[in-house]
Structure formats: C-alpha cells, structure tokens
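Analysis of the macromolecular model
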Amino acid sequence: MTTFKLSAACVVLAVVPALIALFSKHTSAPVKWARTVPFVKLSDGRHLAYEVRGNPKAKHTAVYVHGTPSCRLEFLGLNQDILNGLDLRLIGVDKPGYGQSDPHYGRSLQGFVKDLEELADHHQLQRFLLIGVSGGGPFSWAAARYIPHRVQGVLIFSGAGNLENKQYLSLLHYAGILNREEKFQFDAQVSGVHRRIAHFLHSTYSTPLKNLLKYLFETKIGGRQLYSTILSPLMRDPRRFMAEADAKCLNEGHQAYLTRIIPEALLQKSATPWVQDLGLFSSDWGFNVSEIDPSVKPTIHLWHGTGDKQVHEVMSVAFKRFVPEAHLRIIQNGAHFQYFVCNLHLQKEALTALLRTAT
C-alpha cells in the first residue's frame with residue numbers, strides 16, 4: 001500500500017507537471033554561474049567541481065566520492081588531525097549535477113570514471129586512493145574495474161549495491177552469495193524511500209514508459225519539478241529516515257551535514273542527479289566486481305555498520321563473497337555513517353588499513 005501511494009504521488013506531483021518539459025533541453029550543458037570552488041573543465045566542456053583538504057605535498061592522496069544525495073563537502077566527516085597524522089590529502093569531488101558540478105545527461109558509472117581520470121590528470125596524479133561512501137560506492141567499484149592501473153586502494157563505507165534490481169538479488173540468493181535469511185533481512189530492513197523511488201523508475205512500468213520518465217526527469221524543468229515535490233521535502237530533515245545512532249551523530253558532532261553539506265548538495269535545486277544515481281544503482285552496472293584486476297582486489301576495504309537503514313550491511317557481505325580478497329569489517333550497531341564519522345578510533349583504523357595495503 002505504501003509503495004502504491006508513493007508511486008501515485010510521483011506520477012501526480014512530478015510526472016504530469018513535467019510533461020511540459022518534453023521538449024526542453026537536457027541537463028548536460030555547462031551551468032552559467034560564478035562557482036565559488038575550483039573546478040576542472042572536462043574534455044566534453046562540462047565543469048567538475050572539487051575541493052582539497054590537507055597538505056598539497058602529502059605522501060598520500062585520496063579522491064573522496066560522496067553519497068546520494070550529497071556533495072564534495074561530505075569529506076568534512078573525516079577528522080583533519082587524523083588526516084594530518086597519516087599524511088593524507090583529500091580531494092572531494094561533486095558528482096555531476098550535485099553541488100557545483102555541471103549535470104550530465106545519460107551519465108554512467110564508467111563515464112564518471114573518465115571524469116575521475118581527468119580530475120587526477122589535472123592534479124598530476126598518476127595513481128591515487130579512493131574513498132567512496134554509500135552512493136559513492138558503485139562509482140568506486142567502477143574505478144577499480146576500469147582504471148586499475150591508477151587505483152592504489154579503495155575504502156568503501158556503507159557502500160550501495162543494486163537497490164531494487166531483483167535479478168541481482170535473485171542472483172545473489174541462487175548463486176549462494178546470500179542465503180534466504182540474509183535476503184529477507186535486506187528486503188525488510190532497508191529504508192523504503194530510495195528503494196521505492198528506484199522501484200517506481202525501474203521495476204513497475206513498461207520499458208517505453210520508463211524511458212519516457214527517464215527523459216523527463218533528466219530535463220531541467222522535470223528535475224526541478226521532482227526536486228520541489230519530492231526531494232526537497234524529503235531532505236528538510238533527513239534524520240527522520242536515519243537510524244537513531246546516525247541522528248544522534250548529526251545532533252552531537254556532525255552538524256555540518258545539515259548546515260553545509262545538504263544545502264550545498266542541493267544547490268542546483270534539481271532532483272535529476274539523485275534519480276540518475278538511483279537508476280544507475282538499480283540497473284546493470286556493466287561489469288561484475290569479480291572482474292576487477294587481481295592486483296587491486298587485496299587493496300579493497302569494505303566497512304559497514306549493522307542497523308544501517310539506508311544500505312543494509314548484507315550488501316557489503318555480498319561484495320566480499322564476490323571478491324574474497326577484499327577486507328570486510330562489520331561494525332555492530334554502527335548504522336550508516338556514525339561508526340566512522342563520530343567514532344574517531346574506527347575512522348583512523350579504517351584509513352590506516354587503506355594505506356597499509358595501498359600499492
């Protein structure tokens with residue numbers, strides 16, 4: 001019943017008004033505004049915004065790929081004293097359409113990897129580390145798959161898998177990757193908001209209608225309509241959808257998430273990048289993580305907390321079974337981000353482990 005109500009709301013509030021956008025331009029053109037942060041002008045003319053934390057001459061550099069929806073400022077959740085002590089510099093990047101990066105119509109996981117390569121070239125980085133959080137996880141996996149020669153190591157916190165791809169979940173179950181109880185836990189415990197939107201876009205309707213919706217939501221008018229009717233109300237107080245431990249972390253130690261990160265993430269007032277992310281996560285990724293170069297697999301670290309209401313820990317368990325060489329750490333009662341943002345001991349442990357296995 002709840003799924004039906006949300007689907008109906010999406011149709012009435014977003015799809016119907018967005019029909020006026022049928023012939024409007026898609027959102028790949030460079031945004032004409034005065035950016036307040038550095039950016040890379042990509043080979044296709046788009047601008048990719050980024051921000052750097054730490055010593056420019058640090059021994060290690062990691063590119064931080066943020067979650068969904070979020071922005072480059074999400075790296076503020078990592079403690080500067082810990083970064084300094086590890087001689088680690090961070091480059092936070094806005095995924096297309098978030099923060100101050102130009103949107104990208106029809107973007108893909110592999111396409112963003114090309115953006116990362118140009119970002120690395122801009123900083124004269126032959127090789128670099130990757131830190132992906134939540135919705136940044138699939139993009140980090142893609143980088144490990146497509147540019148292994150440039151990836152020194154990967155750390156994924158609470159990484160997303162295929163949110164609503166039933167073929168993927170069935171494959172995990174019938175291939176013995178997930179047992180019946182684990183699959184039930186995933187279906188029962190993950191917060192319904194993102195999965196219902198993904199289900200609405202990718203599982204409920206016929207292919208022609210899905211293609212039409214994809215077209216509409218990737219227009220400027222359609223993206224803004226969906227933002228005003230769905231995404232903006234959802235993000236006014238995201239603590240409503242969080243585990244108690246995450247909400248407590250925000251209230252007591254990570255207020256920047258509410259006061260800086262989310263406002264910056266939604267700066268363009270469009271839901272297009274959010275819908276694109278959900279679509280990418282719930283579709284065929286174009287590769288299997290088991291295909292990653294053997295030299296990279298032992299440098300991959302997967303951390304996940306139990307009680308995560310955004311991405312169930314069973315996703316990281318599944319990835320570990322696909323890539324046995326990867327290192328998996330499950331934190332009891334860690335929720336979605338509390339265990340590495342508000343627990344500095346665990347944060348340092350995770351970053352230290354990443355550097356220890358880096359190639």
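If you're wondering where the values come from, they're calculated on a predicted model, not measured in any experiment.

What follows deals with the overall build of the protein chain. For the protein chain, the helix and strand inventory stands at 15 helices and eight strands. Burial statistics for the protein chain: of 359 residues in total, 57% are counted as buried. In the protein chain, of all internal contacts separated by at least 6 residues, the share reaching a separation of at least 24 is 79%. Here the protein chain displays about 15,100 Å² of accessible surface, and carbon together with sulfur accounts for 54% of that area.

Turning our attention to the pairing of strand β2 (residues 47-53). Along any regular strand the residues' side chains alternate between the sheet's two faces. The buried fraction of β2 is high, at five of seven residues. Pairing geometry for strand β1 (residues 39-41) and β2, over three bridges, is antiparallel. Counted as the bridge partner of F39 is A49 from β2. The hairpin formed by β1 and β2 contains five residues between the paired strands, and G45 there has a positive phi angle of roughly 95 degrees. Inspection of the sheet shows β2 paired to strand β4 (residues 88-93) by four bridges, in the antiparallel sense. Considered in β4, the bridge of Y50 is made with V93.

With that settled, consider the packing of helix α3 (residues 109-122) against helix α4 (residues 137-146). The contact between α3 and α4 brings their axes to 9 Å, and the two run at 75 degrees. In terms of orientation, α3 lies roughly perpendicular with respect to α4. Mapping the contact onto sequence places L109, Q110, F112, V113 and L116 in α3 and P138, F139, A142, A143 and Y146 in α4. Here the residues of the contact of α3 with α4 sort into nine nonpolar, one polar and no charged.

Turning next to the sheet that holds β4. Ordered in space as β1-β2-β4-β3-β5-β6-β7-β8, the eight strands form an open sheet in which the pairing is mixed. Of all strands in the sheet, those with a lone pairing partner are β1 and β8 (327-331), marking the two edges. Going from strand to strand, the sheet's axes swing by 20 degrees on average, the running direction of each strand aside. Of the pairings in the sheet, the one linking strand β6 (residues 151-157) to strand β7 (residues 300-305) comprises four bridges and is parallel in character. Bridge pairing links L155 to H301 in β7. Each of β3 (60-65), β5 (128-133), β6 and β7 is contacted by α4, which is oriented at about 160 degrees to β6, the strand it contacts most.

A complete count under the given rule lists 12 aromatic pairs for this structure. Counting every residue linked through ring pairs, the aromatic cluster contains W141, Y146, W285, F287 and F319. Geometry around F39 places R35 over its ring, the cationic atom sitting 5.6 Å from the centre. The cationic tip of R53 hangs over the ring face of F75; the distance from NZ or CZ to the ring centre is 5.3 Å.

Glancing now at the side chain of E264. Relative to the assigned elements, E264 resides in helix α11 (residues 256-265). Judged by relative accessible area, which is 13%, E264 ranks as buried. Setting aside chain neighbours within four positions, we find E264 in contact with C71, R72, L73, G99 and Q100.

In terms of nonpolar packing, the biggest core is built from 47 residues, with L88, I131, F157 and W274 touching the most fellow members. For this core, the element with the highest residue contribution is helix α9 (residues 220-235), accounting for six residues. Counting 42 residues, the second-largest nonpolar core is a separate cluster that includes A120, A143, I156 and M315.

Detailed reading of predicted coordinates is not advised where the pLDDT is low. Across the protein chain, the average pLDDT comes to 84, with 77% of residues at or above 70. Below a pLDDT of 50 lies the segment residues 1-9, which in the model reaches nine contacts outside its immediate sequence neighbourhood of four places, other chains included. Within the model, pLDDT remains below 50 along residues 11-23, and this stretch shows 31 contacts once partners closer than five positions in the same chain are excluded.

Before going further, it helps to spend a moment on the packing of α9 against helix α12 (residues 272-281). Between α9 and α12, the least distance of the axes is 9 Å, while the angle of their chain directions is 80 degrees. Here α9 is positioned roughly perpendicular relative to α12, judged by the angle of their axes. On α12, the residues touching G223, L226, I230, L231 and L234 of α9 are T272, W274 and V275. Across the contact of α9 with α12, the residue classes break down as six nonpolar, two polar and no charged.

A few words on helix α15 (residues 344-357). An ideal rise of 1.5 Å per residue puts 20 Å on 14 residues; α15 measures up with 20 Å between its terminal C-alpha atoms. The set of residues buried in α15 consists of L346, Q347, A350, L351, A353, L354 and L355. In this structure N343 caps α15, since a side-chain oxygen of it lies 3.2 Å from the backbone nitrogen of H345.

So, about the pattern of salt bridges. Under the counting rule described, the total for this entry stands at 13 salt bridges. Among the ionic pairs, D44 bridges to R46, the shortest N-O distance being 2.8 Å. Residue R46 is classed as buried on the basis of its relative accessible area of 2%. A cluster of three or more residues bridged by salt bridges with shared partners is formed by E51, R72, D94 and E264.

Here is what the cut-offs are and how they apply
- Every chain begins its residue count from 1, and numbering advances along the sequence as written.
- Where local features are concerned, this predicted model is filtered to residues with pLDDT of at least 70; where side-chain atom pairs are given and counted, the filter is 80 or more; whole-chain, interface and lining totals use all residues.
- Side-chain calculation: all heavy atoms of the structure are included, whereas hydrogens and water are not.
- Here a helix means four or more residues in a row that DSSP labels H or I, a strand means two or more in a row labelled E, and each is numbered from the N terminus.
- Burial here depends on accessible area, computed with a 1.4 Å probe over protein chains only, as a share of the maximum for the residue type. Under 20% is buried, over 50% is exposed, and the range in between is partly exposed.
- Contact criterion: two residues are considered in contact whenever any of their non-hydrogen atoms come within 4.5 Å of each other.
- Only the protein chains shown count as cover for residues, and the accessible areas themselves come from Shrake-Rupley with a 1.4 Å probe.
- Two strands form a pair only when DSSP identifies at least two bridges running between them.
- Between N-to-C directions, angles cover 0 to 180 degrees, with each direction set by a line fitted to C-alpha atoms, over the stretch in contact for helices.
- Between 65 and 115 degrees an angle is taken as roughly perpendicular, under 35 as roughly parallel, over 145 as roughly antiparallel, and anywhere else as oblique.
- Put simply, Ala, Val, Leu, Ile, Met, Phe, Trp, Tyr, Cys and Pro go in the nonpolar bin, Asp, Glu, Lys and Arg in the charged bin, and everything else, Gly too, in the polar bin.
- Here a Phe, Tyr or Trp ring, Trp counted by its six-membered ring, pairs with any other such ring whose centre lies within 6.5 Å, and the pair is stacked when the planes are under 30 degrees apart, edge-to-face when over 60, and tilted otherwise.
- We call a charge positioned above a ring when the Lys NZ or Arg CZ atom is no farther than 6 Å from the ring centre and deviates by at most 35 degrees from the ring normal.
- Buried Ala, Val, Leu, Ile, Met, Phe, Trp, Tyr and Cys residues form a nonpolar core when they are joined through side-chain atoms within 4.5 Å.
- Every residue carries a pLDDT, the predictor's confidence in it, which falls somewhere between 0 and 100.
- Working rule for helices: expected span equals 1.5 Å times residues minus one.
- Counting of polar contacts relies on pairs of N or O atoms within 3.5 Å, with two restrictions inside protein: one atom must be capable of donating a hydrogen and the other of accepting it, and residues adjacent in sequence are counted only when both atoms are side-chain atoms.
- Any carboxyl oxygen of Asp or Glu that lies within 4 Å of a side-chain nitrogen of Lys or Arg is treated as forming a salt bridge with it.

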